[in-house]
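Okay, here's what each chain looks like letter by letter:
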Amino acid sequence: MKKTNIHLLAILYYLWLAIFVITPLLVLFQRSFIGIDGQFTLANYQHFFTSMEYIRMTLSSFWYAFLVTLFTFLLAYPLAYILSKSKNKDLWLMLIILPTWINLLLKTYAFIGILGNSGPLNNFFEALGFGRQQLLFTDVSFLLVAAYIELPFMFLPIFNSINEIQPSLLEAAYDLGASKMTIIRRVIFPLSLRGVRSGVQAVFIPSLSLFMLTRLIGGNRVITLGTAVEQHFLVTQDWGMGSTIGVVLMLIMFIILFTTRDRSKAGGGQDA
């Protein structure tokens, strides 16, 4: 099929991109230069980059996003390796993907019920004689729920990259006398780095702007830039400042995507 025909068939896609992706981004960018009085100003950006409050929020966002990404990776990589060797991998894969079909808000409220003062977990602790514990509205509960929700997005690309490794490479490593741990460290992990990179992008970037979990699970103890955007748009009605934070978040996300991109295609090299 000629390229002209392909572009003609893609007109609806281009229109969808222009209306629902590019236009909102341009509106957000334009709004970031409008003050609360409705006048053009650069004060929003000046305030963001000079305010210690926003600097702390930015560092906090990176810290919590890093922790969520780290925990999901530590859970997802061994799980992906084990399931890639399983005979019933398709069944296990479906069970891991299944929670992603459930609405995020429903999953969050399910955890509120589990971790609440009258929830089953606290009932279990009380039955053991430990008494009821404050499980909700803590950093640990936030990281637990965030890691659970983001786990499939880290697991899937890692599982696919491990599953695509040629068995002949592992057999050759065994024949050369490599131990199982050496094969994992020197063969499997380097060959699965593309999946790890994709998983990190899929988890770290959304985790930068989490706001619903910070409200419902963290109880506002966890403050991120996503929380600040919600606050400015829905509470203070300072849409200019909220747009400024949104623009900064998008720039950070683009920088992360650029620095973690797959360089083997552009440079013709191989993954390390």
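So, how was this worked out
- Residues numbered from 1 in each chain as written.
- Predicted model: local features only at pLDDT ≥ 70, side-chain atom pairs only at ≥ 80, totals over all residues.
- Heavy atoms only, no water.
- Helix = DSSP H or I, 4+ residues; strand = E, 2+ residues; numbered from the N terminus.
- Phe/Tyr/Trp six-rings, centres within 6.5 Å; stacked < 30°, edge-to-face > 60°.
- Buried < 20%, exposed > 50% of the residue type's maximum accessible area, 1.4 Å probe, protein only.
- Lys NZ or Arg CZ within 6 Å of the ring centre and 35° of its normal.
- 1 Å grid on protein atoms, 1.4 Å probe; cavity = no way out; pocket = protein on both sides within 12 Å on 5 of 7 lines; lining within 4 Å.
- Points joined across faces, edges and corners; volume = space filled by probe spheres on them.
- Nonpolar A, V, L, I, M, F, W, Y, C, P; charged D, E, K, R; others polar.
- Salt bridge = Lys/Arg side-chain N within 4 Å of Asp/Glu carboxyl O.
- pLDDT = per-residue confidence, 0-100.
- Contact = heavy atoms within 4.5 Å.
- Axes fitted to C-alpha atoms, helices over the stretch in contact; angles between N-to-C directions.
- Parallel < 35°, antiparallel > 145°, perpendicular 65-115°, else oblique.

Caption draft 1: Representation of unusual backbone geometry within the structure. The phi torsion at phenylalanine 137 lies on the positive side, around 60°, for a residue other than glycine. For phenylalanine 137, the position within the fold is in the loop between α7 (120-127) and α8 (139-163). Positive phi, normally seen in glycine, also occurs at glutamine 237, with a value near 65°. Summarising the element assignment, glutamine 237 is placed in the loop between α13 (225-236) and α14 (239-259).

Caption draft 2: Region of interest: the packing of aromatic side chains. Within the structure shown, the criterion is met by 16 aromatic pairs. Residues phenylalanine 29 and phenylalanine 33 carry aromatic rings whose centres are separated by 5.2 Å and whose planes lie at 80° to one another, so their mutual orientation is edge-to-face. Each ring, one from phenylalanine 48 and one from phenylalanine 49, has its centre 5.1 Å from the other, and the planes form 85°; the classification is edge-to-face. Judged by relative accessible area, phenylalanine 48 falls into the buried class, the value being 4%. Feature note: the residues Phe29, Phe33, Phe40 and Tyr45 constitute an aromatic cluster, connected by ring pairs. Across the ring face of phenylalanine 258, the terminal group of arginine 261 is positioned such that the distance to the ring centre comes to 4.1 Å.

Caption draft 3: Quick peek at the environment of alanine 18. Along the chain, alanine 18 turns up in helix α2 (residues 11-31). Spatially, the C-alpha atoms of alanine 18 and arginine 194 are 30 Å apart, while their sequence positions differ by 176 residues.

Caption draft 4: Local environment of the layout of surface pockets. Considered as a void within the structure, the second largest pocket measures approximately 240 Å³ in volume. Lining the second largest pocket are 14 residues, and of these Leu104, Ile149, Glu150, Leu210 and Leu213 lie nearest its centre. Mapped onto the lining of the second largest pocket, the elements with two or more residues apiece are α6 (104-115), α8 and α12 (212-216). The element best represented in the lining of the second largest pocket is α8, accounting for 4 residues. In the lining of the second largest pocket, the residues fall into 10 nonpolar, 2 polar and 2 charged.

Caption draft 5: Layout of the pattern of salt bridges. Scanning all chains against the criterion turns up 2 salt bridges. Between glutamate 126 and arginine 132 there is a salt bridge, with its nearest N and O atoms 2.9 Å apart. Residue class for glutamate 126 comes out partly exposed when judged on its relative accessible area of 42%. Residue glutamate 230 pairs with arginine 215 through a salt bridge whose shortest N-O separation is 2.7 Å. Placement of glutamate 230 in helix α13 and of arginine 215 in helix α12 is noted, with a sequence separation of 15 residues between them. Owing to a relative accessible area of 24%, arginine 215 belongs among the partly exposed residues under this scheme.

Caption draft 6: Seen up close, the confidence of the model for the protein chain. Of the residues in the protein chain, 94% have a pLDDT of 70 or more, and the chain-wide mean is 88. Across residues 267-272, where pLDDT falls below 50, the model places 9 contacts with residues more than four positions away in sequence or in other chains.

Caption draft 7: Spotlight on the environment of serine 209. Turning to its location among the elements, serine 209 is positioned in the loop between α11 (193-208) and α12. Residue serine 209 is classed as partly exposed on the basis of its relative accessible area, which comes to 24%. Here the alpha-carbon distance between serine 209 and alanine 65, two residues 144 residues apart in the chain, equals 8.6 Å. In contact with serine 209, other than residues within four places in its own chain, are Gly226, Leu249 and Met253.

Caption draft 8: Summary view of the packing of α6 against α7. Orientation of α6 relative to α7, taken along the N-to-C sense of each, is 15°, at an axis distance of 5 Å. Relative to α7, the element α6 is oriented roughly parallel. Judged by residue contacts, Gly113, Ile114 and Leu115 of α6 engage Pro120, Leu121 and Asn122 from α7. For the contact of α6 with α7, a count of residues per class yields 4 nonpolar, 2 polar and no charged.

Caption draft 9: Highlighting the side chain of serine 192. Topologically, serine 192 is positioned in the loop between α10 (180-191) and α11. Serine 192 gets classed as buried once you look at its relative accessible area, which sits at 0%.

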